[in-house]
Amino acid sequence: MTTQATTPPGSPVASPALPTARGPLSESGLAVLAGSGTRLPATDEVRRSDPYGDDLQLLLYVLYELHYRGFAGVDERLEWDPALLGVRAAAEDVFLDALRRDAGPGGQDVAGAVDALQLEPVGDDGHGVSHHLRREGELWQLREYAAVRSLYHLKEADPHLWVVPRLRGRAKAAMVAVEFDEFGAGRAENVHAQLFADLMTDLGLDARYGHYVDAAPAQALATVNLMSLFGLHRRLRGALVGHFATVEITSSPGSRRLAEALRRVGAGPAAQRFYDEHVEADAVHEQVVRHEVIAGLLEDEPALAADVVLGIESTGHLEHLLGDHLLAAWRAGRSALRTPLPS
Ligand SMILES: [Fe+2]
Ligand SMILES: [Fe+2]
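In this report, we go over the structure that sits alongside the text. (Residues numbered from 1 in each chain as written. Chains lettered and ligands numbered in written order. Predicted model: local features only at pLDDT ≥ 70, side-chain atom pairs only at ≥ 80, totals over all residues. Heavy atoms only, no water.)

The terminal C-alpha atoms of helix 14 (residues 305-331), which comprises 27 residues, lie 39 Å apart, in line with the 39 Å expected from a rise of 1.5 Å per residue. Note on helix 14: the residue one or two positions beyond its end, G333, has a positive phi of about 75°. (Helix = DSSP H or I, 4+ residues; strand = E, 2+ residues; numbered from the N terminus. Expected span 1.5 Å × (residues − 1).)

Within the first shell, the iron ion (ligand 1) binds the protein through E156 (OE), E182 (OE), H192 (ND1) and H278 (NE2), at distances of 1.8 to 2.1 Å. Each of the four donor atoms bound to the iron ion (ligand 1) contributes to angles spanning 83 to 165°, and the resulting shape is irregular. The sequence pattern describing where the donors of the iron ion (ligand 1) fall on their chain is E-x25-E-x9-H-x85-H. Taken as an interatomic distance, the gap from the iron ion (ligand 1) to the iron ion (ligand 2) is 4.2 Å; E182 donates to each of them. Taken together, the residues E156 in the loop between helix 7 (139-153) and helix 8 (158-161) and H192 in helix 10 (residues 192-202) connect sequence positions 36 residues apart. One exposure class covers both E156 and H192, and it is buried. (Donors = N, O, S within 2.8 Å, 3.2 Å for Na, K, Ca; no water. Tetrahedral: all angles 85-135°; square planar, octahedral: opposite > 155°, others 65-115°. Buried < 20%, exposed > 50% of the residue type's maximum accessible area, 1.4 Å probe, protein only.)

This paragraph deals with the packing of aromatic side chains. Applying the stated criterion across every chain yields a total of three aromatic pairs. Look at F196 and F274: their rings are 5.0 Å apart centre to centre, the planes differ by 75°, and that puts the pair in the edge-to-face class. Of this pair, F196 sits in helix 10 while F274 sits in helix 13 (residues 269-300), and the two are 78 residues apart along the sequence. Across the pair, F274 and F196 agree in class, each one buried. When the centroid spacing of 4.9 Å and the interplanar angle of 85° are considered together, the rings of F274 and Y275 count as edge-to-face. In terms of burial, F274 and Y275 fall into one category: buried. An aromatic cluster is built from F196, F274 and Y275, whose rings are joined through pairwise contacts. A cation over a ring is seen here: R69 above Y209, with NZ or CZ 4.3 Å from the ring centre. The positively charged end of K155 is found above the aromatic ring belonging to Y68, 4.2 Å away from the centroid. (Phe/Tyr/Trp six-rings, centres within 6.5 Å; stacked < 30°, edge-to-face > 60°. Lys NZ or Arg CZ within 6 Å of the ring centre and 35° of its normal.)

Okay, here's the thing in C-alpha cells:
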C-alpha cells in the first residue's frame, strides 16, 4: 500500500468514509478496500446472491465509487485492481441478468418506449412518489427523499459523461450540450450537484458527498448503480442513452411536483430552486435528447435500439421498486431509511 496525501475530512473534496457492510459479500469487499482483509467474495457466492438485495447492491456501489470520489483511507490504485474488477464483473452479471428478465417486454421500439415516458396521468391521479409528495408529503418525508436522492444528485450527470467518447456526430454534440447545462454552463454555483447541496442545507441535511449511503435502502443504491453499470461499459452505451433519456424526459413534470411540495411545506428558496431549475431546463433537454441524442445514435448504430429500450425499461423498473419502498414505509408512518434522520 502506498501512503496517500490526506484531505481534511470537512473539505469539499474529501472522500467519504467507507460504509458499513450489509452481508458477507460487502463485508469481504469492504475489508479488502480498507486493507484489513484479503479474501474477496468467490464468484459463485456472488452468483447466488439476491440481485436487488442490500449485500450485492452495496458491494457494487463501493466498487463503482472507486471511479468517482473513492473513500477516505482507500488506496486509489484499487480502482483498476484486476481481482476487484473480476468480482465487480460477476456482480454486474447478476444485476444485468435480473434487469433483462424483470425490467419490461424489451424489443426495438424506441419511439414507443419514449412516448410511454411522456404519458402523464390526467388530473390528480398519479401514483408515484412525486405525486404523493406534492399532494400530501410531509417535511420529514421530503427530507428522507432528498437524503436518498443525494447519492445521485451530488454527482449529478457524472455517470452519463462516461458515454461521450463512445458517441459521435449529432449524438455527441447534443449530449455534451445537455451536460454543459448540468455542469452549470460555466458557473460553479450553478452546477446541478451544487444546487442539490444547497437544497440539502436548506432542509437541514448534511450535504457532504456520500454521507447518507448507510441510510439508503438497497433500492436507492440500485438506481445509482444502474447508471454506473451503463456508463462504465462501452457495450452498454445504448442503455446509457436510454437511461439519460428517461431522466431528462421524466424530470420536468416530476420536478414541478417536487417544487410544489417544497413550497407547500415552507422549505427555503435554495430547496425550491433545484427543482424550479429542472422544470425549465429539462423541458428543453427532453427535446434535445429525443431528437438529437437518441435519433443521432440510432442513425449511426441502428442495432442499438434494443439496448436503448433496455436502458429506458431498467430505469423505470428500478424507480418503481424504490418508489414502492418509500411509499410503503411512509404510508405506514415509518422511516424509509435504514437509519432514520436526526430531526
Ligand atoms: Fe440536472
Ligand atoms: Fe437535464
